[in-house]
Amino acid sequence: MTIRLQALGVHLFTATGAVFAMLAMLAASEAKWSLMFLWLIVAFGVDGIDGALARKYDVKKNAPRFDGVLLDLIIDYLTYVFIPAFALFKSGLLPGWTGWFAIFIITFASAMYFCDSNMKTKDNSFHGFPGCWNMLVLVLFALSPNFWIILIIVAALAVAMFLPLKFIHPVRTKRWRWLSLPLSLGWIFFAVWAAWVDFHPQSWAHWGLVITSVYLVCAGIVQQIIPASKT
């Protein structure tokens with residue numbers, strides 16, 4: 001197989017995320033939340049792999065007809081933002097006006113963030129909360145906290161998208177990657193476990209989600225506070 005076909009194959013692999021997004025949306029339309037999250041986790045896995053493949057096969061050079069970055073952003077908006085916001089609204093976790101407030105602020109702020117040319121930092125982390133609403137909403141489904149807590153978290157993270165706060169990329173941020181990558185894989189494991197048992201309130205997966213989520217949210221900010229040692 002030529003390098004051009006391999007590079008094209010990477011684009012096709014990325015595009016499967018749109019199929020998984022549709023499957024997740026169909027499940028959400030029938031309130032099959034566990035199935036919806038399982039499809040979103042599959043899409044999440046594709047998103048975690050395709051970037052490394054794109055760099056390996058240099059898709060910008062070998063398959064320039066298709067813009068992999070644009071393709072990735074379109075699919076990410078569906079799977080990270082749009083479908084999770086819909087699920088949060090329809091789930092009943094946010095009653096009345098709070099549900100409307102959440103979906104408006106999530107979709108609006110994320111649309112602006114996804115076109116922010118200052119999204120990435122020099123160490124390939126994210127400048128501001130990277131709009132991973134799929135991860136947040138899954139944790140909210142698992143824990144079912146009071147709606148005021150949900151509202152405060154959603155509002156705080158929407159504002160954090162545009163603050164000078166660093167959020168790590170578990171693969172591309174080199175600092176602490178030895179810890180970040182295993183914990184990210186752990187988050188996926190606990191997410192699958194929680195969805196598989198239909199978010200049973202006594203599942204130990206919920207503790208795993210909390211611990212790994214706290215790390216992924218706070219690690220970049222801690223790195224800002226504690227400068228890297230010079231070698």
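See above for the structure.
About the thresholds
- Residues numbered from 1 in each chain as written.
- Predicted model: local features only at pLDDT ≥ 70, side-chain atom pairs only at ≥ 80, totals over all residues.
- Heavy atoms only, no water.
- Helix = DSSP H or I, 4+ residues; strand = E, 2+ residues; numbered from the N terminus.
- Rg over C-alpha atoms; globule rule 2.2 N^0.38 Å.
- Buried < 20%, exposed > 50% of the residue type's maximum accessible area, 1.4 Å probe, protein only.
- Contact = heavy atoms within 4.5 Å.
- Areas by Shrake-Rupley, 256 points an atom, 1.4 Å probe, with all protein chains shown as cover.
- Salt bridge = Lys/Arg side-chain N within 4 Å of Asp/Glu carboxyl O.
- Axes fitted to C-alpha atoms, helices over the stretch in contact; angles between N-to-C directions.
- Parallel < 35°, antiparallel > 145°, perpendicular 65-115°, else oblique.
- Left-handed = near helix turned anticlockwise from the far one by under 90°.
- Nonpolar A, V, L, I, M, F, W, Y, C, P; charged D, E, K, R; others polar.
- Core = buried A, V, L, I, M, F, W, Y, C linked by side-chain atoms within 4.5 Å.
- Expected span 1.5 Å × (residues − 1).
- Bend = angle between axes of the 7 residues up to and from the residue.
- Phe/Tyr/Trp six-rings, centres within 6.5 Å; stacked < 30°, edge-to-face > 60°.

## So, the overall build of the chain
For the chain, the helix and strand inventory stands at nine helices and two strands. The order of helices and strands in the chain, counted from the N terminus, is α-α-α-α-α-β-α-α-β-α-α. Against the compact-globule benchmark of 17 Å for 231 residues, the chain has a radius of gyration of 18 Å, which places it among compact chains. Its C-alpha atoms put the chain at 50 × 45 × 35 Å along the principal axes. Scored against the burial criterion, the 231 residues of the chain give a buried share of 42%. For the chain, the share of sequence-separated contacts (at least 6 apart) that also reach a separation of at least 24 residues comes to 77%. Of the roughly 12600 Å² of accessible surface on the chain, 72% is carried by carbon and sulfur atoms.

## Points about the pattern of salt bridges
Close approach of charged atoms lets side chains of opposite charge pair. Taken as a whole and assessed by the stated rule, the structure comprises two salt bridges. Across the pair Glu30 and Lys32 runs a salt bridge, and its minimum N-O distance is 3.0 Å. Given a relative accessible area of 43%, Lys32 falls into the partly exposed group. Asp123 serves as the salt-bridge partner of Lys166, at 2.5 Å between the closest nitrogen and oxygen. One end of the pair, Lys166, is in strand E2 (residues 166–167); the other, Asp123, is in the loop between helix H5 (97–114) and strand E1 (126–127), and 43 residues separate them in sequence. Judged by its relative accessible area of 28%, Asp123 is partly exposed.

## Observations concerning the packing of helix H2 (residues 33–56) against helix H4 (residues 68–90)
Interhelical geometry of H2 versus H4 gives an angle of 160° and a closest axis separation of 11 Å. Classified by the interaxial angle, the pair formed by H2 and H4 is roughly antiparallel. Judged by the twist between their axes, the crossing of H2 over H4 is left-handed. Residues Trp33, Met36, Leu40, Ala43, Phe44, Asp47 and Asp50 of H2 form the contact with H4, whose own contacting residues are Asp72, Asp76, Thr79, Tyr80, Ile83, Pro84, Ala87 and Lys90. Residue classes in the contact of H2 with H4 are distributed as nine nonpolar, one polar and five charged.

## Some remarks on the nonpolar core
By size, the foremost hydrophobic cluster in this structure holds 55 residues, and its most contacted members are Met36, Phe37, Leu88 and Trp133. Mapped by element, the contributors of at least two residues to this core are helix H1 (3–29), H2, H4, H5, helix H6 (133–143), helix H7 (147–160), helix H8 (177–196) and helix H9 (205–225). Among the elements that line this core, the one with the most residues is H6, at nine residues. Filtering out sequence-adjacent residues up to four positions away, Trp133 remains in contact with Tyr80, Val81, Pro84, Ile106, Ser110, Val154, Leu157, Ala158 and Met161. Counting five residues, the second-largest nonpolar core is a separate cluster that includes Val10, Tyr57, Val59 and Ala63.

## A short note on H9
With 21 residues, H9 ought to run about 30 Å at 1.5 Å a step, and its terminal C-alpha atoms sit 30 Å apart, in line with that. At Cys218, H9 shows its maximal bend, which comes to roughly 40°. Contact partners of the buried residues in H9: H6, E2 and H8.

## A word on H8
Its 20 residues place the ends of H8 28 Å apart at the C-alpha level, agreeing with the 28 Å of an ideal helix rising 1.5 Å per residue. Summarising the contacts, the buried residues of H8 are in contact with H2, H6 and H9. Remark: Asp198 follows H8 within two positions and exhibits a positive phi of approximately 55°.

## Digging into the packing of aromatic side chains
When we look at a pair of aromatic rings, we describe it by the centre distance and by the angle of the planes. Applying the stated criterion across every chain, the model contains 20 aromatic pairs. Here Phe37 and Phe199 contribute two aromatic rings whose centre-to-centre distance is 5.6 Å and whose plane-to-plane angle is 80°, an arrangement assigned as edge-to-face. Here Phe37 is found in helix H2, whereas its partner Phe199 is found in the loop between H8 and H9, with 162 residues between them in sequence. Given a relative accessible area of 1%, Phe37 falls into the buried group. Within the aromatic cluster, the residues linked to one another by ring pairs are Trp33, Phe37, Phe141 and Phe199.

## Overview of the packing of H2 against H6
Contact geometry of H2 with H6 gives a least axis separation of 11 Å together with a crossing angle of 150°. Classed by the angle they form, the pair H2 and H6 counts as roughly antiparallel. The way H2 lies across H6 gives a crossing that is left-handed. Of the residues in H6, those in contact with Trp33, Phe37, Ile41 and Phe44 of H2 are Asn134, Met135, Val137, Leu138 and Phe141. By residue class, the composition of the contact of H2 with H6 is eight nonpolar, one polar and no charged.

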